[in-house]
Amino acid sequence: MIARLKDLDQQVHNTAMSFPGEVVAIGYSIGHDWNGDPAIFFRVVLSDDSSRPEVLADVTGRVGGKLFDALRLCDTDYTPYFYFRSKSEQDRQKDPEWQSLTIS
(Lines give C-alpha, C1' and ligand atoms only; values in the text may rest on other atoms or scores of the structure.)
Protein backbone atom coordinates (compact mmCIF):
# COMPACT_ATOMS: atom_id res chain seq x y z
CA MET A 1 0.00 0.00 0.00
CA ILE A 2 1.17 3.53 -0.71
CA ALA A 3 2.19 5.56 2.34
CA ARG A 4 -0.64 7.13 4.27
CA LEU A 5 -1.96 10.22 2.52
CA LYS A 6 -0.26 12.63 4.91
CA ASP A 7 3.08 10.90 4.38
CA LEU A 8 2.46 10.78 0.64
CA ASP A 9 1.83 14.52 0.53
CA GLN A 10 5.02 15.17 2.49
CA GLN A 11 7.13 12.87 0.32
CA VAL A 12 5.83 14.50 -2.87
CA HIS A 13 6.55 17.93 -1.40
CA ASN A 14 10.04 16.86 -0.32
CA THR A 15 10.73 15.52 -3.79
CA ALA A 16 9.64 18.80 -5.38
CA MET A 17 11.90 20.70 -2.97
CA SER A 18 14.90 18.55 -3.88
CA PHE A 19 14.91 19.95 -7.43
CA PRO A 20 15.16 23.74 -6.90
CA GLY A 21 15.15 25.63 -10.17
CA GLU A 22 13.96 22.57 -12.05
CA VAL A 23 10.61 21.50 -10.55
CA VAL A 24 7.99 24.20 -10.10
CA ALA A 25 5.25 21.93 -8.72
CA ILE A 26 4.17 18.32 -8.39
CA GLY A 27 0.65 17.00 -8.03
CA TYR A 28 -0.77 13.53 -8.02
CA SER A 29 -3.98 11.58 -8.03
CA ILE A 30 -4.69 7.98 -7.19
CA GLY A 31 -7.06 5.90 -9.25
CA HIS A 32 -7.07 3.16 -11.83
CA ASP A 33 -5.38 3.03 -15.19
CA TRP A 34 -6.96 2.09 -18.52
CA ASN A 35 -6.72 -1.58 -17.55
CA GLY A 36 -8.44 -1.13 -14.19
CA ASP A 37 -5.23 -1.62 -12.21
CA PRO A 38 -4.37 0.66 -9.27
CA ALA A 39 -2.32 3.63 -10.40
CA ILE A 40 -0.82 6.87 -9.20
CA PHE A 41 -0.69 9.70 -11.71
CA PHE A 42 1.95 12.39 -11.20
CA ARG A 43 1.66 15.83 -12.80
CA VAL A 44 5.00 17.64 -12.74
CA VAL A 45 5.47 21.25 -13.80
CA LEU A 46 9.07 21.94 -14.77
CA SER A 47 10.79 25.28 -15.16
CA ASP A 48 11.07 26.39 -18.76
CA ASP A 49 14.84 25.99 -18.57
CA SER A 50 14.48 22.38 -17.41
CA SER A 51 12.06 21.70 -20.27
CA ARG A 52 14.61 22.42 -22.99
CA PRO A 53 14.98 19.41 -25.32
CA GLU A 54 18.66 18.92 -24.52
CA VAL A 55 18.03 18.45 -20.76
CA LEU A 56 14.43 17.22 -20.63
CA ALA A 57 15.18 13.47 -20.62
CA ASP A 58 17.73 13.87 -17.82
CA VAL A 59 15.42 16.00 -15.66
CA THR A 60 12.34 13.82 -16.13
CA GLY A 61 14.36 10.68 -15.41
CA ARG A 62 15.78 12.09 -12.19
CA VAL A 63 12.42 13.45 -10.98
CA GLY A 64 10.54 10.26 -11.83
CA GLY A 65 13.25 8.13 -10.25
CA LYS A 66 13.24 10.19 -7.07
CA LEU A 67 9.45 9.91 -6.74
CA PHE A 68 9.61 6.18 -7.43
CA ASP A 69 12.29 5.66 -4.77
CA ALA A 70 10.94 8.09 -2.15
CA LEU A 71 7.46 6.60 -2.29
CA ARG A 72 8.79 3.05 -2.51
CA LEU A 73 6.53 2.39 -5.45
CA CYS A 74 8.30 -0.91 -6.15
CA ASP A 75 6.71 -2.19 -2.92
CA THR A 76 3.16 -1.34 -4.00
CA ASP A 77 0.58 -2.58 -6.46
CA TYR A 78 0.30 0.94 -7.92
CA THR A 79 1.65 1.63 -11.37
CA PRO A 80 3.14 5.13 -11.56
CA TYR A 81 2.39 7.39 -14.52
CA PHE A 82 4.38 10.59 -14.96
CA TYR A 83 3.18 13.60 -16.92
CA PHE A 84 5.46 16.58 -17.39
CA ARG A 85 4.69 20.09 -18.52
CA SER A 86 6.69 23.30 -18.67
CA LYS A 87 5.71 26.33 -16.62
CA SER A 88 4.95 28.37 -19.73
CA GLU A 89 2.82 25.54 -21.15
CA GLN A 90 0.79 25.40 -17.94
CA ASP A 91 0.41 29.19 -17.94
CA ARG A 92 -1.03 29.00 -21.47
CA GLN A 93 -3.32 26.01 -20.87
CA LYS A 94 -4.53 26.88 -17.37
CA ASP A 95 -5.60 23.26 -16.93
CA PRO A 96 -7.61 23.01 -13.68
CA GLU A 97 -6.18 19.57 -12.86
CA TRP A 98 -2.75 21.16 -12.82
CA GLN A 99 -3.68 24.34 -10.93
CA SER A 100 -3.56 23.08 -7.32
CA LEU A 101 -0.22 21.34 -7.29
CA THR A 102 2.31 21.11 -4.46
CA ILE A 103 4.48 24.16 -5.06
CA SER A 104 8.15 23.78 -4.40
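Above this text you will find the structure in question.
None of these values were measured; they are calculated from a predicted model.

**Here's the deal with the pattern of salt bridges**
- The final tally for this structure, using the stated rule, is six salt bridges.
- We note a salt bridge from Glu22 to Arg62, for which the minimum N-O separation is 2.5 Å. Residue Glu22 is located in the loop between helix H1 (5–17) and strand S1 (23–32), and its partner Arg62 is located in helix H2 (residues 53–70); the two are separated by 40 residues in the primary sequence.
- Taking relative accessible area as the criterion, Glu22 reaches 18% and is therefore assigned buried.
- Residues Arg62 and Asp58 are paired through a salt bridge, measuring 3.1 Å at the closest nitrogen-oxygen approach. One end of the pair, Arg62, and the other, Asp58, are both in helix H2, four residues apart, so they sit about a helical turn from each other.
- According to the relative accessible area criterion, Arg62 is partly exposed, its value standing at 33%.

**Observations concerning the nonpolar core**
- One finds Val12, Val23, Ile26 and Phe42 to be the most contacted residues of the largest nonpolar core, which totals 17 residues.
- Of all the elements in the fold, those that place two or more residues in this core are H1, S1, strand S2 (38–46) and H2.
- Per element, the largest residue contribution to this core is four residues, and it comes from S2.

**Quick look at the environment of Ser50**
- Looking at the element boundaries, Ser50 is found in the loop between S2 and H2.
- For the pair formed by Ser50 and Gly21, sequence separation is 29 residues and the distance between their alpha carbons is 8.0 Å.
- Other than its neighbours up to four places away in sequence, Ser50 contacts Gly21, Glu22, Val55, Leu56 and Val59.
- At a separation of 3.0 Å, a polar atom in the side chain of Ser50 contacts the side chain of Ser47.

About the cut-offs
Residues numbered from 1 in each chain as written. Predicted model: local features only at pLDDT ≥ 70, side-chain atom pairs only at ≥ 80, totals over all residues. Heavy atoms only, no water. Salt bridge = Lys/Arg side-chain N within 4 Å of Asp/Glu carboxyl O. Helix = DSSP H or I, 4+ residues; strand = E, 2+ residues; numbered from the N terminus. Buried < 20%, exposed > 50% of the residue type's maximum accessible area, 1.4 Å probe, protein only. Core = buried A, V, L, I, M, F, W, Y, C linked by side-chain atoms within 4.5 Å. Contact = heavy atoms within 4.5 Å. Polar contact = N/O pair within 3.5 Å; in protein donor to acceptor, adjacent residues only side chain to side chain.

Spatial relationships are all this shows, so hold off on functional conclusions.
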